[in-house]
Structures are given as C-alpha cells and as structure tokens.
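Here is what each chain is made of, one letter per residue.
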Amino acid sequence: MNRNDELFERAQRVIPGGVNSPVRAFRAVGGTPRFIAEGQGAYLIDADGNRYLDLVQSWGALLFGHAREEIMRAAGEAATRGTSFGAPTELEVELAERITDAMPSVDMVRLVSSGTEAAMSAIRLARGSTGRPGVIKFDGCYHGHSDPMLAKGAGSGVATFGIPGSPGVTEGAARDTLTAPYNDLGVVAALLDAHRDTVACVIVEPIAANMGVVPPELGFLEGLRDLCDRHGALLIFDEVITGFRVAYGGAQFLYGVTPDLTVLGKVMGGGYPCAAFGGRGDVMSRLAPIGPVYQAGTLAGNPVAVAAGIATLDLARERDPYPELDARADRLTAGLAKAFEETATRCTINRVESMFSLFFTPGPVRNYEEAAAADHERYARFFHHMLERGVYLPPSGYELWTLSAAHTDEEIDTTIEAAASFPG
Ligand code: HOZ
C-alpha cells in the first residue's frame, strides 16, 4: 500500500469521505485522491513523492502558482506580528482600497473568510436593502453552500454527485430561490414578471465555472442588467473565480457590465482564506454597524490572509500576467482541440482567458443541461490517463481547468502531448 492509500484509509476513519470538500474525494473519477505534500509553482508533489503538473491551482485561487515567493514572504512577515486580533488593521484598509480601485462598481467592500460567506452575505444584504425575499440564480452556477444557494441546481459539487440539492435545506429556505437556465434571458424575464416586486436580486457567475466553464453569450449579462433595472432587483456578480483572474478588474471589466454587488474570493486572498463582497455605496451602507443588515466574523480581514491578498494584487497590477495567461491558455486549448481532432474524439472546449474546460460532447455547451449531457465517464477515463502521465486535472468534468503565471510553454506542450495519446 502506498502512502496516498494509507492516508486515505486513515482519513476516512476521522473525516467524512476522507476529505474536507467533497469533490476532492475522486468519487466522480474513481481511485484514491492524492494527498498533497507540497506545491511548487505549476507543480504538486504528493505524499508518495509523485510530481504532477497542476491545472487546478486550488480551483483558480493561485494566479501566480504555488508558494510564490513574494506572497509567502508577505504572509510570513505578517504572521510574525500576530495572526488574529479581532480588531481592525491598516492592512484591511489597504486591501479594500485595492479592490475599490480595481472595480469601479465597488464603492465599499467588506472582507470575510470564504466565498460561501461572501455570497450568503451579499444575498442577505440584497434582501435587507430591497425588502424583498426572492433570489434568481442559474442552474449549474455555484454560489457556495448556504441553504438558499444549495436549494436547486447548485452546480459544482452537487452536480458532480448528481444530487438535486441537499437534505437539511428546509422548504422555507428553498422557497424564495428561483432558477433559470444559464444564458436564457427569456426565462429570467418571465420569472421577474411572475414574481413582480418580490425579487431582491439576480445572482450570476458572469463566466460560469462550476458546471465546467460556460461563457455568457453575447448580450446575456447586459440583458440581466436591463431586466434588474426594470424590476428594481439588484444584480450580483459572483466573481469568486473570475475576479482578478480573467482581468484585474474581473469579468465586469471584460464585458463592460456593472453589477450592483460583487462577490469575491480565491485570487484576492493569494491562496489564503480571504473573500469579500462589495458594491454600491448606498447598498453597502445598509450593513451593520451603519445599517440594520447584520454580518460579522472573528477571522474576517485576517491579517495573514490580507497580507497575502495585497501581495497578490500588487504582483497582478505590476506584472500584468493576463496577456501571457491568455496566450498560454489559447495555445493549450488549440493544441488539445487539434489532438482530439486527430484521434476523432469529439469534444468541446470552452474558454475565457485562463479559465477553460473540456466536455466530451460535440457541443455547444451553453448551460447546465448541455454540460450534463457530456460524456462524464469518458472524462473520468481521461482524468486518469492524464494523472498517469503526471498531469493533475480537476477530478470532475464540472470544474474549471486553469493556469497560473508559473506555467510556461513547456508545461502547455507536456499537457497536449499527454492528451494526444488518450485512446478516447
Ligand atoms: N467545488 C469546489 C470548487 N468549485 C471544490 C473546492 C475544493 O474541493 O477544494
């Protein structure tokens, strides 16, 4: 028995399923999850000393790869001054200023510890400031695991396991969640008409990345903006994955659509537990202690996480890694498409900047239904084919692949070469 197997066996005795987040368990692809001992730039090293080229990058959180020196140094130095104060710090102000500078739609921002917390709080704020209960979300979009967001068609983990929602979510919590297919403005318009004056917000991943990557079709985000304005609902962009990844200003910069509230996480925390929600000053001013909508957290704005976040955003602003990330992702996806063309394996690759994924279906993939219709068993075989060749892909066909600034053309070519020998 190797060390990964041993650890998995031990883990399953004390941690449900042996993992602290379900998709990590490899259940969608089979086999033993790799227990990671170390990350180095574009690579992961597991407990048995195997080295993998990492195309997950902590689900998109690592814009500069694993253990980037400047980020580690900033976090390490911060830790020597104390790891949690339960009181405000100058660094929090600095991170908030960087976020408001990067995203003109964000006048004010509150820091929290996870994307789930950020999305949950943004929804409460939308309800609290409009006085309405309803929330429209999209099938296959994931906004964390708060009760109303897990109610129906939640994407990501629940899509991976093929479950419609979760026991434990009460009817009451689910009642005010309405769902529409991604990229379908007609259904959103009909829901807003049918639930006139009761919808607080429409929440959307401006580039969906939790049913695999599904880009917004031309006019979709603009249409949502227009519908929200007409119905007095707030538009929330969940940019946990896209923020500071597809562009410094996020997807809202890329598509030129302004949300009322934005949910952030992953890249902005430099690989540490740090997330945020922010937006229009009049809406954010409804938050306690200046308004009545309550939200709080002992570890919110944690000084070590915030220092890592600032270092990451400074690197992103100074180095502007985005054109290279885009070029490398383009090289990789073009190479994969060509490799599969030669083996006659039919696939669709969706990509926006350094976010992409591969579906075994002739496509197109524009929504959850089409993503679910792809051949996920073939993806599982492909996953293991790649793993055996030292390439670590997301262990589910419903998750995004991504690159970091640590990936070079050499890593791209290694990935294409490994994929080219997939028998289909
Ligand atoms: N479904 C999560 C990403 N979209 C998985 C996170 C994790 O397992 O760490």
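Above this text sits the structure in question.
About the criteria used
Residues numbered from 1 in each chain as written. Predicted model: local features only at pLDDT ≥ 70, side-chain atom pairs only at ≥ 80, totals over all residues. Heavy atoms only, no water. Buried < 20%, exposed > 50% of the residue type's maximum accessible area, 1.4 Å probe, protein only. Helix = DSSP H or I, 4+ residues; strand = E, 2+ residues; numbered from the N terminus. Pairing = 2+ DSSP bridges. Core = buried A, V, L, I, M, F, W, Y, C linked by side-chain atoms within 4.5 Å. Contact = heavy atoms within 4.5 Å. Salt bridge = Lys/Arg side-chain N within 4 Å of Asp/Glu carboxyl O. Axes fitted to C-alpha atoms, helices over the stretch in contact; angles between N-to-C directions. Phe/Tyr/Trp six-rings, centres within 6.5 Å; stacked < 30°, edge-to-face > 60°. Lys NZ or Arg CZ within 6 Å of the ring centre and 35° of its normal. Left-handed = near helix turned anticlockwise from the far one by under 90°.

Draft legend 1. Up close: the pairing of strand S5 (residues 134-138). Among the five residues that make up S5, five are buried, leaving the element largely enclosed by the rest of the structure. Going residue by residue along S5, you find Gly134, Ile136 and Phe138 tucked away on one face and Val135 and Lys137 tucked away on the opposite face as well. Across four bridges, S5 lies against strand S6 (residues 177-180) in parallel orientation. Among the inter-strand pairings, Phe138 is bridged to a residue of S6, identified as Ala180.

Draft legend 2. Highlighting the nonpolar core. Residues Leu95, Ile99, Phe244, Met268, Phe382, Leu393 and Trp401 are the most contacted members of the largest nonpolar core, which totals 62 residues. It is helix H13 (residues 303-319) that contributes the most residues to this core, nine residues altogether. The contact partners of Leu95, leaving out residues within four places of it in the chain, are Leu111, Met268, Cys274, Val306, Gly309, Ile310 and Leu313. Core analysis: the next-biggest nonpolar cluster, separate from the first, contains 29 residues, Ile136, Leu192, Met211 and Leu227 among them.

Draft legend 3. Seen up close, the pattern of salt bridges. Inspection of every chain in the model, using the stated rule, returns 26 salt bridges. Notably, a salt bridge pairs Arg34 with Asp46, separated by 4.0 Å at the nearest N-O pair. Here the residue Arg34 occupies a position in the loop between helix H1 (3-14) and strand S1 (36-40), and Asp46 occupies one in strand S2 (residues 43-46), the gap between them amounting to twelve residues. Under the relative-accessibility criterion, Asp46 is labelled buried at 2%. Here Asp260 and Arg280 are joined by a salt bridge, their closest N and O atoms 2.9 Å apart.

Draft legend 4. Spotlight on the environment of Ala419. Turning to its location among the elements, Ala419 is positioned in helix H17 (residues 409-420). A relative accessible area of 1% places Ala419 in the buried class.

Draft legend 5. Local environment of the sheet that holds strand S3 (residues 51-54). The four strands are arranged S1-S2-S3-S13 in an open sheet whose pairing can be described as mixed. In this open sheet, the two edge strands, each paired with only one partner strand, are S1 and strand S13 (391-392). Here S3 runs beside S13; their pairing, made up of two bridges, is parallel. Residue pairing in the sheet places Leu53 in a bridge with Val391 of S13. The strands touched by H17 within the sheet are S2, S3 and S13, with S3 carrying the most contacts at an inclination of about 100°.

Draft legend 6. Structural detail: the packing of aromatic side chains. Inspection of the entire model under this criterion finds 18 aromatic pairs. Here the aromatic rings of Phe382 and Trp401 are separated by 6.2 Å at their centres, their planes lie at 20°, and the arrangement is stacked. A residue pair is termed long-range when its members are at least 10 positions apart, and Phe382 in helix H16 (residues 376-388) and Trp401 in strand S14 (residues 401-402) qualify at 19 residues. Members of the aromatic cluster, joined through ring pairs, are Phe340, Phe356, Phe360, Tyr379, Phe382, Trp401 and Phe422. A cation over a ring is seen here: Arg51 above Tyr43, with NZ or CZ 3.9 Å from the ring centre.

Draft legend 7. Inspection of the packing of helix H4 (residues 90-102) against H13 at higher detail. Running from amino to carboxyl end, H4 crosses H13 at an angle of 35°, the nearest separation of the two axes being 9 Å. Crossing handedness for the pair H4 and H13: left-handed. Contact residues: Leu91, Glu92, Glu94, Leu95, Arg98 and Ile99 in H4; Pro303, Val306, Ala307, Gly309, Ile310, Leu313, Asp314 and Arg317 in H13.

Draft legend 8. The sheet that holds strand S11 (residues 348-352), seen in detail. Reading across the sheet, the three strands line up as S11-S12-S14 and stay open at both edges, with antiparallel pairing between neighbours. In this open sheet, the two strands that pair with only one neighbour each are S11 and S14. Relative to strand S12 (residues 355-359), S11 runs antiparallel, the two sharing five bridges. By the bridge assignment for S12, Ile349 is matched with Leu358. Packing against the sheet, helix H14 (residues 322-343) makes contact with S11, S12 and S14, and its axis sits at approximately 175° to S11.

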